[in-house]
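Commentary on secondary and tertiary structure
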Amino acid sequence: MVEDFIYHGKLLNGEETTTVQVAYGTRASLLVHFENKDVFQEHAEYDGLIIDTGDKELSFGVCHLSPIRGEGIPGFVSRIVFTDNVYDFNNIFAYRRSADLESYFQNLRVIKAQKGKIRDSFKDYVSALTYDLRVYKKFFDEFDVKYADEPPEIYAIVQDTVIRTEGAKYFEFFNDRLKGLAEETADFTREEHELHGYFFRRQAWDLIQTSEFALRSNVKPRGYAGDSEMMTMIYEDAYVGKTIFAKLMHKHPIMSGAAQAVRNRKIMVPEKVLKCIKQRSKGKKKTGEKVRIMTVACGPAQEMENIIQSPEIIDKVEFTLLDQDRSALGEAAESIMAIESRLNKKLNKTFRQESVRTLVKKADLSKEWGQFDYIYSMGLYDYLTVRVAQAVTEKLYNLLKPGGELLIGNYHDGTETRLYMEYWLDWTLIYRTEEEMINVAKRIPNANTKVEFEESRSQMFLTVKKPEKI
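Throughout what follows, the structure given in this document is the object of discussion. (Residues numbered from 1 in each chain as written. Predicted model: local features only at pLDDT ≥ 70, side-chain atom pairs only at ≥ 80, totals over all residues. Heavy atoms only, no water.)

A word on unusual backbone geometry. Within the chain, His43 stands out as a residue other than glycine whose phi angle is a positive 70°. A positive phi angle, close to 65°, is found at Asn446, a residue other than glycine. As for its placement among the helices and strands, Asn446 is situated in the loop between α18 (434-439) and β14 (448-453). (Helix = DSSP H or I, 4+ residues; strand = E, 2+ residues; numbered from the N terminus.)

Membership of the largest hydrophobic core comes to 77 residues, with the highest contact counts inside it found for Ile308, Phe319, Tyr376 and Trp424. Apart from the residues lying within four places of it in its own chain, the contact partners of Trp424 are Leu129, Leu133, Phe174, Leu178, Phe200, Arg201, Ala204, Ile208, Asn218, Met249 and Leu419. Core analysis: the second largest hydrophobic core is formed by 27 residues, Leu365, Leu399, Val440 and Met460 among them. (Core = buried A, V, L, I, M, F, W, Y, C linked by side-chain atoms within 4.5 Å. Buried < 20%, exposed > 50% of the residue type's maximum accessible area, 1.4 Å probe, protein only. Contact = heavy atoms within 4.5 Å.)

On the surface, Lys278, Lys282, Lys285 and Lys316 cluster together into a patch of positive charge. Looking at the secondary structure, you find Lys316 in helix α12 (residues 311-316). Lys316 gets classed as partly exposed once you look at its relative accessible area, which sits at 37%. (Patch = residues over 30% accessible without salt bridge, like charges linked within 9 Å, V, L, I, M, F, W, Y side chains within 5 Å. Areas by Shrake-Rupley, 256 points an atom, 1.4 Å probe, with all protein chains shown as cover. Salt bridge = Lys/Arg side-chain N within 4 Å of Asp/Glu carboxyl O. Lys, Arg positive; Asp, Glu negative; His and termini not counted. Charge placed at Lys NZ, Arg CZ, Asp CG, Glu CD.)

For the coordinates displayed, the defined rule picks out 25 aromatic pairs. Taking the centre distance of 6.1 Å and the plane angle of 40° together, the rings of Phe122 and Tyr125 count as tilted. With a gap of 3 residues between them, Phe122 and Tyr125 both fall in helix α3 (residues 120-146), about one helical turn apart. Both residues of the pair, Phe122 and Tyr125, belong to the buried class. (Phe/Tyr/Trp six-rings, centres within 6.5 Å; stacked < 30°, edge-to-face > 60°.)

Moving on: helix α17 (residues 418-425). Within α17, 7 of the 8 residues are buried, which leaves the element mostly enclosed by the surrounding structure. Within α17, the full set of buried residues consists of Leu419, Tyr420, Met421, Glu422, Tyr423, Trp424 and Leu425. Asp426 lies just past α17 and shows a positive phi near 50°.

Another aspect to go through is the environment of Ile208. Structurally, Ile208 is set in helix α6 (residues 205-208). Overall, Ile208 belongs to the buried group, its relative accessible area being 0%. Sequence separation between Ile208 and Thr295 is 87 residues; the distance between their C-alpha atoms is 33 Å. Those residues within four positions of Ile208 in sequence are excluded, and the remaining contacts are Arg201, Ala214, Leu215, Asn218 and Trp424.

Next comes the structure, spelled out in structure tokens:
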């Protein structure tokens, strides 16, 4: 997390320099700690700032100190605000490279120049599609206005009736146009998909914004598309929005095969976990040892409600929930608190905020975390390259006890909604075949592997079982 980085730096004022430590404040500002407290002056102005990241120095322009409002970091007494440039410190701290106004708008010029590479037939497809969608929107919006003065309960029934009748016809139209997208892009290279996808989203942006689901996927407020809020929307599977058109645009992607796979795995994975608990708890009765389970990239952990079904289950298990997203861990904690409240019993649990990068770098995780009977990850590997996926699999496998199992989810290469996700949602995943999925565990000797699918066959799961004796 960028909030965890603290760097040494120097504030510049003419020929004078002031030694400081800086930490992430907001996307456009930093927090500052003065190593010599006597030189600190509130609202002071400086000619610039130099940050030492350890492998390089980054320079920033004119700045001044501003009071910290809200929570800060102990010892960091003020905020650095820049006045001659705008910097993206979220990007700078994550990748240790400059990100300012000039570099940002340089991308604008590059993207504008790419318009000439868009195929004419694709432009015609997008033009015809967006015209038809806006006509649909106009008719649905006019219907909303016509009945807007009805009592809320009557208005809700009117909207529901339209959604069930004309909305169903709209979904048929939308699905037909998605087939047209597949035909139009059938021979595209990966680079062409990215280029034409960006063009598509710019032409359809006003339509995308009507869907709460599609908008969040595109904007990525937490830096990636499949965050815990997105997962919650998929689990809820509801019509969301104030207007008929907004509700239809929100619901349609949540009806897709890829979204159904998310709901299916919420049932499938708990069944496997419960099977493990039943089998492994038998040998632990005498010692009172818990069955240790870890979920990696846990998100909101809503599947826990299908695992922790009784106080008896709580007595048998110990859970570790790992995610790089602090907000996701907070939502997972809330999910578990609701279960504990319902069952009137506390679950033995540990929350770990870790990224894949730190997971791979740590030498021997078992010394710090212990070993587990079962480890599962439902939505992480779709974002990992082959090399990283193999390294993570190896690390997780080494955390298994003898006879333990690792379960890894990944969307299949033949997922039908792939283009829909990429073009409409700007949600690009790394899809794999069965063979490529097994290849994720190729660096592990003596491992027993098996690939199976959830019901929609959009997502597959690799089981890697550790032998009882090695």
